[in-house]
Amino acid sequence: MTALKETTTIYVYRGDASSGQEQPYSVEVSPGMVVLDAIHYIQAHHARDLAVRWNCKAAHCGSCSAEINGRPKLLCKTRIDQYLASGVPIHVRPMKTFPLIRDLVTDVSWNYRVAKKIAPFEPAEPAPFTLFQRDVDRIQEFRRCIECFLCQDICHVLRDHHDQNVYMGPRFMTKLAELEMHPMDASDRIAFTTQQAGIGWCNVTHCCSDVCPEGIQITGNAIIPLKERAADRNWDPLRRLFGHGPSAHVAEHKSKDRQKID
Amino acid sequence: MATLSLETLHYDVVIIGAGGAGLRAAVAAAEQRSKVAVLSKSLLGKAHTVMAEGGIAAALGNLDPYDSWDTHFYDTMVSGHFINNYQMVEIYTKEAPARIFELENWGAVFDRTEDGKILQRPFGAHSFRRLAHVGDRTGKELIRTLQYKVLSLDVDIFQEVTSTRLFVDDEGRIAGVFAYRRDDGQPLVFRAKSLILATGGWGRMYRVTSNSWESTGDGCALALWLGAEVQDMEMIQFHPTGMVWPPGVRGILVTEGVRGEGGLLFNSENERFMLRYDPVRQELSSRDVVSRSIFKEVALGRGSPHGGAWLDIRHRGAQYVKQKLPGMYDQFLKLADVDITRERFEVGPTVHYTMGGIRVQAATGATNIEGLYAAGETAAGLHGANRLGGNSLGDLLVFGRRAGMAAAEYAKARAKWPQLAKNQIEAERKRIVQPFTIESGTNPFMVQETLQALMTAHVGIMRSKQSLTTAMEQFQALRADVERMAASGPIHFNPGWNTIFDVQSLIILAESVIQGAIAREESRGAQWRVDFPEELADLGRVNFVQRLSPGKGLSIEARPIPAMPESLARLFRASAAPGVLRAREEQRHLAKEE
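A few words on the packing of aromatic side chains. All names here are of chain B. Counting across every chain of the model gives 18 aromatic pairs over all chains. Geometrically, the ring pair formed by Tyr373 and Tyr410 is edge-to-face, given 6.5 Å between the ring centres and 65° between the ring planes. A residue pair is termed long-range when its members are at least 10 positions apart, and Tyr373 in strand S16 (residues 372–374) and Tyr410 in helix H11 (residues 391–413) qualify at 37 residues. Since its relative accessible area comes to 6%, Tyr373 is described here as buried.

The next point concerns the domain arrangement of chain A. Residues and elements named next belong to chain A. Each assigned domain of chain A is listed with its residue range as follows: domain 1 (7–106) and domain 2 (109–256). A C-alpha centroid distance of 31 Å is found between domain 1 and domain 2. Each side of the interface is counted separately: domain 1 has 16 residues, and domain 2 has 18 residues. Summed over both sides, the interface between domain 1 and domain 2 buries roughly 1300 Å², with carbon and sulfur atoms accounting for 52% of that surface. Broken down residue by residue, the surface that domain 1 buries against domain 2 is led by Pro72, Thr97 and Phe98, which jointly contribute 42%. Linking domain 1 with domain 2 are two salt bridges, by the criterion used here. Note that Arg159 is salt-bridged to Glu67, the shortest N-O span being 2.8 Å. Put simply, domain 1 and domain 2 have five residue pairs in polar contact (both at pLDDT 80 or more) between them. For the side of domain 1 that touches domain 2, the elements supplying multiple residues, two or more each, are strand S3 (65–68) and strand S4 (71–74). Broken down by element, the residue count for the side of domain 1 that touches domain 2 peaks at four residues, all from S4.

Before going further, it helps to spend a moment on the domain arrangement of chain B. All names here are of chain B. Looking at the assigned domains, one finds that chain B contains domain 1 (7–236 + 354–413), domain 2 (237–352) and domain 3 (437–560). Taking only C-alpha atoms into account, the centre of domain 1 sits 23 Å from that of domain 3. Every contact between the two is made by 42 residues of domain 1 and, on the other side, 43 residues of domain 3. Buried area between domain 1 and domain 3, summed over both chains or domains, comes out near 3500 Å², and the portion from carbon and sulfur atoms is 56%. For the domain 1 face of the interface with domain 3, the top three residues by lost area are Met205, Tyr206 and Glu234, together amounting to 20%. A salt bridge links Asp502 to Lys41; the shortest N-O distance between them is 2.8 Å.

Residues and elements named next belong to chain B. What the three strands build is an open sheet, ordered S3-S5-S4; its pairing is antiparallel. With partners counted over all chains shown, the strands left at the sheet margins are strand S3 (56–57) and strand S4 (120–121), one partner each. Bridge count between S4 and strand S5 (residues 131–132): two bridges; the pairing is antiparallel. Bridge pairing in S5 places Gln120 opposite Ala132.

On the side of chain B, 67 residues touch chain A, which itself brings 59 residues to the contact. Carbon and sulfur atoms supply 53% of the area that chain A and chain B bury against each other, a total of about 5000 Å² over both sides. On the chain A side of the contact with chain B, Arg48, Tyr112 and Arg143 of chain A bury the most area, a combined 16% of that side's loss. Along the contact surface separating chain A from chain B lie five salt bridges. Where Asp330 of chain B meets Lys77 of chain A, a salt bridge forms, and the shortest distance between an N and an O atom there is 2.8 Å. At the junction of chain A with chain B, the criterion picks out 42 residue pairs in polar contact (both at pLDDT 80 or more). Broken down by secondary-structure element, the contributors of at least two residues to the side of chain A that touches chain B are helix H1 (35–45), strand S6 (100–102), helix H3 (109–115), helix H4 (133–142) and helix H7 (170–180) of chain A. In terms of residue class, the side of chain A that touches chain B is built from 31 nonpolar, eleven polar and 17 charged.

Rules used throughout
- Residues numbered from 1 in each chain as written.
- Chains lettered and ligands numbered in written order.
- Predicted model: local features only at pLDDT ≥ 70, side-chain atom pairs only at ≥ 80, totals over all residues.
- Heavy atoms only, no water.
- Phe/Tyr/Trp six-rings, centres within 6.5 Å; stacked < 30°, edge-to-face > 60°.
- Helix = DSSP H or I, 4+ residues; strand = E, 2+ residues; numbered from the N terminus.
- Buried < 20%, exposed > 50% of the residue type's maximum accessible area, 1.4 Å probe, protein only.
- Domains from an automatic or database assignment.
- Contact = heavy atoms within 4.5 Å.
- Buried area = accessible area lost by both parts, 1.4 Å probe.
- Salt bridge = Lys/Arg side-chain N within 4 Å of Asp/Glu carboxyl O.
- Polar contact = N/O pair within 3.5 Å; in protein donor to acceptor, adjacent residues only side chain to side chain.
- Pairing = 2+ DSSP bridges.
- Nonpolar A, V, L, I, M, F, W, Y, C, P; charged D, E, K, R; others polar.

Below you can see the structure in the form of structure tokens.
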């Protein structure tokens, strides 16, 4: 008996903003293969113009974000053997939240426009700083972010409600938390966090933390503490006693501050 | 195919490349109030810098107070086997600490010492603990910090743009660059008073490499096509530890930090073979030595199951490994089903860095083309024949800044916009879409694979006249395929089409690598010639310099290296690095007092 090379069929979305559909492709399987390897195989053997964005193929750069069987994932970090073992066919589609350019490539430029609006780190005194590891452990967690934007992709505020005009999304909550929690930062972004960044729109469903390939606890460690800081600032109990309840405040802030991000 | 109308933009300083060097240059040029554009082949923050793991080398002396710029200078020159540009090494080792503090000022968060300073880790062939780092993701910290710094300034960033041709004016001064947007194929002409190339290395000409797809040396190729000089092209660094199994991950970097944190190398007979090859520095010997040692062990039949060596870090304990090397832990667990806190793992040499590149002035990064500058991996000189770990990230900061300042100065002094011949632009515009008109042409992915196979087989760690001659023959045979690379499908975000320009860059650079490796008939640093196993004093005094001339092709000559001034030369007549001697002296002194 001759040993045949194992092949499998992978379904890949082909098309652009006007139209498109999934196409089946036959791929030769090799040990340890990831979905990005399969996409490269398809490019080299079946469809040279299959559009995919990738850089490092080592889960460091966050370029190859897409949806595999409906779940936001990095193509380079997703092994195909897990699907083959369970007999589940592999369907690869572009991120849903962002406008499609072509095939698996979306226009993520909105994220960079948002990034530009955040006040940069402002040192309270010039470096070198005296900082201890325990001071920086938490912000180092946030700085692990590879900007793959999978958290933005899964966030229902952006994905289903298209509220990009009022909420900057989990990636930038992490960014704001990182800056706000930096012991040497002299800038204050709390008002910005509640107003322009729209943190009130997050209702703590933890979806972003679940898809983060770096395992950052976005909701627990970044968003909730930021919400607490904002609450301390805006809705402290003394003010509540005098009739400015939090719910009234939230409604007011949300209607008044529906400022466009874009 | 419908032709898109040309878009023309004007900038004082155009920077090609958005890795560490390009972004640091952008900050420097913007601070001088130049109008700056950065052209990036990928999205902002994704450039190959993001993959750097180990750290940034600078003699801060936070842990080892005897460290000093001259000790770092000594280590760098010795590891570069003295063909480095000593002026660049002097500038680098003196300025690197300030560049690290500057990053901290801009929001970088390094790992800390017990007393609250920036922590420094040991690394191969550094006399002291010297690498400022963040776990095993230092490159990400560097690029993210610079990215947000640039976003806070008035700099225009053009993401996903391929640059295909540089232009000069009638007097041979830089005039601009032709590029196109990858998302829609839109052709762009950037008219520029000065231009900085910061496009990184060309590891992608090899099959097994730690480099991302972008590392196709576009800037160095653009410079060659324009008539700029390159040097030391034969010097390709093989990092000793890449992943070797499974096949899909072969070549992905395993940081030197694993050995820095105490990781040990074993062959199939459970022998710590580095004790034989370098009894003093052992696992932390320079990269050229460790790579060759692993290569030899495999060749002698003492390799690991998939043709590498075993790396073992288990003795440091699971908690420590997960804290100091979280990326490595995750990478092996997810991609290779190996828990490195419980099992040893296979590693082998992988193409990592190109020491050679565009020949530049030490202080400014100026090339021999007026108004054209280069910085970072695409420039040559700092690292000589072998780069020290941690000297690359520092290189980006120190020389990115200097090139940015110099290019801004040059642009300021140039009152008028440089002339740009219309026919040159028209010709380039036709050339870039020509692959769509070729019928039954060649597949650029396959051409790249063929090139990678021949470079890997014949221009690898071990070279000889015979292997290099074979390489050159196969290379010449490939030329016809290169000319006929074809594209199909729509023009927007078309990887097959985009790859054609990557391959065109790699082809001219591969030729210069082979030519350089043939010319240097000795073994020095990364260049290991089995037919010339000795390091020769005469060849230690020259760089091999190449240039491309119309009609004549690629030429090569040995260019003398200027002698170091006595104040630096004397360091190398001592028995050890200056800081090491000072430490010994102090110990003797203390012993006497007792």
